[in-house]
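# Notes for the structure review
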Amino acid sequence: MEIRNVKGTHDIFGEDSRIYGYIYDNFVAFASSYNAKHIIIPVIEQSDLFQRGVGEASDVVRKEMYTFLDKGNRSITLRPEFTAGIVRSFIQNKMYATMDLPIKLYYCGPVFRYERPQAGRYRQFEQLGVEFLGSDSEMVDVETISLAYNFLKSIGLGEIVVFKINSLGDEETRDNYRLALKEYFKEHLENMCNDCKNRYELNPLRILDCKVEDDKKYIVNAPKINDFYSSNSKIRFEKTLRALDILKIPYVVDNTLVRGLDYYSETVYEIHFKDEDIGALGAGGHYSNLIEELGGPKLSGVGFSFGIERLLSLFKDKNPYYKQVIEQEQIVYIMPIGEESVLKGMEIASKLREEYIPCEMCFDNVKFGAMFKKANRLHASYALIIGEEEIKNDTYKIKDLESATQIEVSGEQLIDKIKQLFFHL
Ligand code: AMP
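Residues numbered from 1 in each chain as written. Predicted model: local features only at pLDDT ≥ 70, side-chain atom pairs only at ≥ 80, totals over all residues. Heavy atoms only, no water.

Let us look at the sheet that holds strand S15 (residues 395-400). Pairing between the strands of a sheet comes from backbone hydrogen bonds, and it takes one of two forms, parallel or antiparallel. On the basis of which strands lie adjacent, the open sheet formed by 5 strands has the order S13-S12-S14-S15-S16 and mixed pairing. Looking at which strands have only one partner, the edges of the open sheet turn out to be strand S13 (359-361) and strand S16 (405-410). Ignoring strand direction, the axes of neighbouring strands in this sheet form an average angle of 25 degrees. Both strand S14 (residues 382-386) and S15 contribute to a ladder of 4 bridges, which runs antiparallel. Residue pairing for S15: Ile385 is matched across the bridge by Lys397. Lying over the sheet, helix H14 (residues 368-377) contacts strand S12 (332-336), S14 and S15, oriented at roughly 165 degrees with respect to S12. (Pairing = 2+ DSSP bridges. Helix = DSSP H or I, 4+ residues; strand = E, 2+ residues; numbered from the N terminus. Axes fitted to C-alpha atoms, helices over the stretch in contact; angles between N-to-C directions. Contact = heavy atoms within 4.5 Å.)

Structure representation (structure tokens):
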């Protein structure tokens, strides 16, 4: 019987994996321009990390974690997000013991959530993002937002996204706001869903994120957090928005935005497609207590995470340059006829690859016509023709497949000539 993939997982290959590479390369280029360094952390962590880090009240911890006992009876969880693991590493490896905070890190890899699979929602998906750890400055929050925006611009999505931004304020703000929410929801609670009843006890802010249609009528009229800001939080948020204005980052303030993970404080944001609700493309925010809660010093951090699958599908649907990105991959297609030519072709291919020139050789015993067709299907930029004559004269034909022009080059000059053509030297 055929073995299929696990429900909620998927393979990324062909065109999609090329777009994935393009997205990833641009992200790394932008993260590096903010002096962020790559961090690679384990996929498995002790379950406690997420229970304490992400928060018992979050849907992720309550319902969505892949948790199991390993053979040593330890409770292990497949990471449902990166922030808690990166903060653990920051603490464990004493990265904070430097005068040069914040430490800026970027990451990419799979995360796991036991959610109901649907369009744009998987059980294993890929995230890429950053964490800037160890500074409380609101300008570091702004740097992460500008990184996210510049990265989106670089992949042609800058014009079609909007940043929804809110401030959850400091401890004092949220204490007062929670009391007000409890007071307000007290009389509606018996008509609301069971999740909301739980949230009321654990973290009433989470009620604002309820997706149940019947509950929304109560949520719209709930008190708004901006009426509860402490003076520090108010000033901080104003400074943040002013910096975004100066950097010309398109945003809207959304006072109902609370985020699904419990560790956030002060500025939080989500990045959405402007024209249609396809779920957040990415999200992030500031956290003042997480590092301390996980056993580290009293330092703040800020980070965001994009879901690569959602970026990928938006890229395919909405980026006018999509086909160009896919097709701009150049290769040389080597077309040998006869046994000696195949060996010669192997030798040439190896030399081209040493020069980082991608090439592919035809091993099918077919005529040139069929080989040219295959070269076109592969979007090859050049074809290199090697027949018996060519070997005898040690002179080869390079055909430019776009302009259909052809030149002849001696064996001695061949690699240099292809290099020149390929890299426009
Ligand atoms: P979060 O860690 O929940 O803030 O999510 C960050 C980003 O990951 C979201 O904005 C989505 O792009 C992506 N994401 C979250 N959950 C899923 C999922 N189940 N499937 C695919 N992408 C997801």
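Let us keep going from here.
On to the site of the ligand. In the region of the ligand, 16 residues are neighbours, and Arg113, Glu115, Tyr122, Arg259 and Leu281 sit closest. A distance of 2.8 Å separates a nitrogen atom of the ligand from a polar backbone atom of Tyr122. Within the backbone of Ala280, a nitrogen or oxygen atom sits 3.0 Å from an oxygen atom of the ligand. Only strand S6 (124-133), strand S10 (282-287) and strand S11 (301-307) provide two or more residues apiece to the shell around the ligand. In terms of residue class, the shell around the ligand is made up of 6 nonpolar, 5 polar and 5 charged. (Near = heavy atom within 4 Å. Polar contact = N/O pair within 3.5 Å; in protein donor to acceptor, adjacent residues only side chain to side chain. Nonpolar A, V, L, I, M, F, W, Y, C, P; charged D, E, K, R; others polar.)

Our next topic: the state of the cysteines. Inspection of every chain in the model, using the stated rule, returns 0 disulfides. Not engaged in a disulfide, the cysteine Cys196 finds its nearest cysteine sulfur in Cys210; these two sulfurs lie 3.6 Å apart. (Disulfide = S-S within 2.5 Å.)

Treat this as a map of the structure, not an account of what it does.
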